[in-house]
Amino acid sequence: LANIPTGSYDLLLLGEVFEHILNQPTGLLRNCLRVLRPGGMMILTTPNPSTVMTAIRVLKDEYVLWGTDEFLKETKVDGGAVIDNGDIHYREYPARLVVQLMDELGFKVGGVRYVQMGVAKIHSPIKRVFKRLLQATPLASSRLFSPGYVIWAYKEGTPSLGSDARPEIAAVKA
C-alpha cells in the first residue's frame, strides 16, 4: 500500500488477510485509512478466536491456529526480510481488539457482525450435523459459536464524488 497515493479508494476489502500479517498489522490498517477517500469504507473479515471450539482445542492440546506446525519451523526474518507465508495464521485477534485499534487509528467503526461458515464435505458427519443444527439457532451468529467476523468502518469526511465520477474499489491480498 505504500505506493498507492493518499485518498485513492472509496472501498477497501480485507477478506481473510489480517490474520496473515506477521509484521506491523497496525501499519497495514494505518495505510488502509490513508488510501481511503473521505467517507470511504473498509470491510475487514477475519477468523474469530474467541469461540467454544478454540477453548476445546486448547483443552485437548490441539492446534489453535492454522499453520502452527509450519510456523514453528519457519525462519521469521531472513536476511533482514520478514517471511511471507500465506498459509499461516500468525495471529487471530478478538474483534474487540481490532475495533479498539481501528478507533485509535481514526476509523469510525460502523459495526461488527459474527458470521457462521458453511458445511463442507470434508467435515466429519458429526461435525456436519452439529453445524447444521447450530445454523438453525440464533447462537450461530454469536461470538462463542461463529468462526469469523466482519467489521465495517469509515474514514471521516464527506465523499467528494462528482456526477461523472466512479467509485474506486481495491481488494487487499496477503
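Check the entry above for the structure.
Residues numbered from 1 in each chain as written. Predicted model: local features only at pLDDT ≥ 70, side-chain atom pairs only at ≥ 80, totals over all residues. Heavy atoms only, no water.

1. Overview of unusual backbone geometry
- One non-glycine residue, Gln-24, lies in positive phi territory at about 65°.
- Looking at the secondary structure, you find Gln-24 in the loop between β1 (9–15) and α1 (25–35).
- Given a relative accessible area of 46%, Gln-24 falls into the partly exposed group.
- Non-glycine residue Asp-61 carries a positive phi angle of around 60°.
- Considering the arrangement of structural elements, one finds Asp-61 in the loop between α2 (52–59) and α3 (68–73). (Helix = DSSP H or I, 4+ residues; strand = E, 2+ residues; numbered from the N terminus. Buried < 20%, exposed > 50% of the residue type's maximum accessible area, 1.4 Å probe, protein only.)

2. Describing helix α4 (residues 95–105)
- Of the residues making up α4, those classed as buried are Ala-95, Val-98, Val-99, Leu-101, Met-102 and Leu-105. All buried residues of α4 lie within an arc of 160° about the axis, which places them on one face of the element. Residues of α4 that are exposed and point more than 90 degrees away from the buried face comprise Arg-96 and Glu-104.
- Contacts made by the buried residues of α4 are with α1, β2 (36–47), β5 (107–115) and β6 (148–155).
- Residue Gly-106 follows α4 closely and has a positive phi angle near 110°. (Arc of directions from axis to C-beta. Contact = heavy atoms within 4.5 Å.)

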